[in-house]
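Examining the three-dimensional arrangement
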Amino acid sequence: MNWVDRLGEGLARGVAHNVSRRGLLASVSKILVGSAFIMPVLPISRVAHAQEGGGAAAEPAAGDDPTNCDYWRHCALDGFQCSCCGGTLNSCPAGSEASPISWVGTCHNPHENKNYVVAYHDCCGKTACGRCYCGNQVDERPGYEFFRHNDVDWCMANRSAVYHCTVSLIVGPAT
Ligand code: ABN
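To keep things clear, this report deals only with the structure shown in the data block. (Residues numbered from 1 in each chain as written. Predicted model: local features only at pLDDT ≥ 70, side-chain atom pairs only at ≥ 80, totals over all residues. Heavy atoms only, no water.)

1. Focus: the sheet that holds strand 3 (residues 114-124)
Backbone hydrogen bonds hold the strands of a sheet together, and the pairing may be parallel or antiparallel. A sheet is described by the order of its strands in space; here three strands give the open sequence 2-3-5, paired in antiparallel fashion. Where the open sheet ends on each side, the last strands, each with one partner, are strand 2 (97-109) and strand 5 (163-173). Each adjacent strand pair in this sheet contributes to an overall mean axis angle of 25°, direction not counted. In the sheet, strand 2 pairs with strand 3 via ten bridges, with the strands oriented antiparallel. Residue pairing across strands places His108 opposite Asn115, the latter belonging to strand 3. (Pairing = 2+ DSSP bridges. Helix = DSSP H or I, 4+ residues; strand = E, 2+ residues; numbered from the N terminus. Axes fitted to C-alpha atoms, helices over the stretch in contact; angles between N-to-C directions.)

This is the structure in structure tokens:
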């Protein structure tokens, strides 16, 4: 037996002496049940496949002004629109980096009479853009309801937490 085997055996025997089988099962169960409650409220990373999922709905219809805060896909946008800051509706300006976490809203597209899920990713690493601010609040709740409040710097998980602007990315139809 080499030292790795001896170490493994020692650890296994230590656990076997100190923890009952029932106790071990109870601990594992608590972790599994606990994580099932926590996971749904954690912010979701969509950056790995951050593409528009709205099909034709992703294109502003004739007469729509996509820089107007009333433009339907901005319904839950709290921040400076990246399309006024050198980016587009769905891409960050050069020199900034999309946040992996985002606020998510359900917006009504009046042209199709259909609801879409829209993700609001912050673009990070440059000073605040300061143009085209929207403070929309569809489905938002006050700050004391922390998990339903969108006035949050989603750059908190980035290399730089400095906030620049926000994109409104159509994820897809709300089912
Ligand atoms: N999500 C936009 C934002 C950034 C910083 C602070 C508040 C809101």
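2. Section: the nonpolar core
The biggest cluster of nonpolar side chains holds 18 residues, and the ones touching the most others in it are Trp72, Cys107 and Tyr120. Within the residue set of this core, elements represented by two or more residues are strand 2 and strand 3. The contact partners of Cys107, leaving out residues within four places of it in the chain, are Trp72, Arg73, Cys75, Ala76, Lys114, Asn115, Tyr116, Val118 and Tyr120. Residues Cys85, Cys123, Cys129 and Cys155 belong to the second largest nonpolar core, which totals eleven residues. (Core = buried A, V, L, I, M, F, W, Y, C linked by side-chain atoms within 4.5 Å. Buried < 20%, exposed > 50% of the residue type's maximum accessible area, 1.4 Å probe, protein only. Contact = heavy atoms within 4.5 Å.)

3. What to know about the pattern of salt bridges
Enumeration over the complete set of coordinates arrives at one salt bridge. Residues Glu97 and Arg159 are paired through a salt bridge, measuring 2.4 Å at the closest nitrogen-oxygen approach. Linking Glu97 in strand 2 with Arg159 in the loop between strand 4 (133-135) and strand 5, this pair joins segments that are 62 residues apart in sequence. Residue Arg159 is classed as exposed on the basis of its relative accessible area, which comes to 78%. (Salt bridge = Lys/Arg side-chain N within 4 Å of Asp/Glu carboxyl O.)

4. A short note on the state of the cysteines
Inspection of every chain in the model, using the stated rule, returns seven disulfides. Covalently, Cys69 is tied to Cys134 through a disulfide, its sulfur atoms 2.0 Å apart. Judged by the torsion about the S-S bond (-85°), the Cys69/Cys134 disulfide is left-handed. Separated by 65 residues along the polypeptide, Cys69 in the loop between helix 2 (21-38) and strand 1 (78-80) and Cys134 in strand 4 bring together distant segments of the chain. Note that Cys84 is cross-linked by a disulfide to Cys132, the S-S spacing being 2.0 Å. (Disulfide = S-S within 2.5 Å.)

5. Quick word on the site of the ligand
Near the ligand, the surroundings consist of Asp78, Asp122, Asp151, Val152, Asp153, Trp154 and Tyr163. Here Asp122 contributes a side-chain N or O atom positioned 2.8 Å from a nitrogen atom of the ligand. The backbone of Val152 places a nitrogen or oxygen atom 2.7 Å from a nitrogen atom of the ligand. The fraction of the free accessible surface of the ligand (250 Å²) that becomes covered by protein chains is 80%. Residues of the shell around the ligand, tallied by class, amount to three nonpolar, no polar and four charged. (Near = heavy atom within 4 Å. Polar contact = N/O pair within 3.5 Å; in protein donor to acceptor, adjacent residues only side chain to side chain. Areas by Shrake-Rupley, 256 points an atom, 1.4 Å probe, with all protein chains shown as cover. Nonpolar A, V, L, I, M, F, W, Y, C, P; charged D, E, K, R; others polar.)

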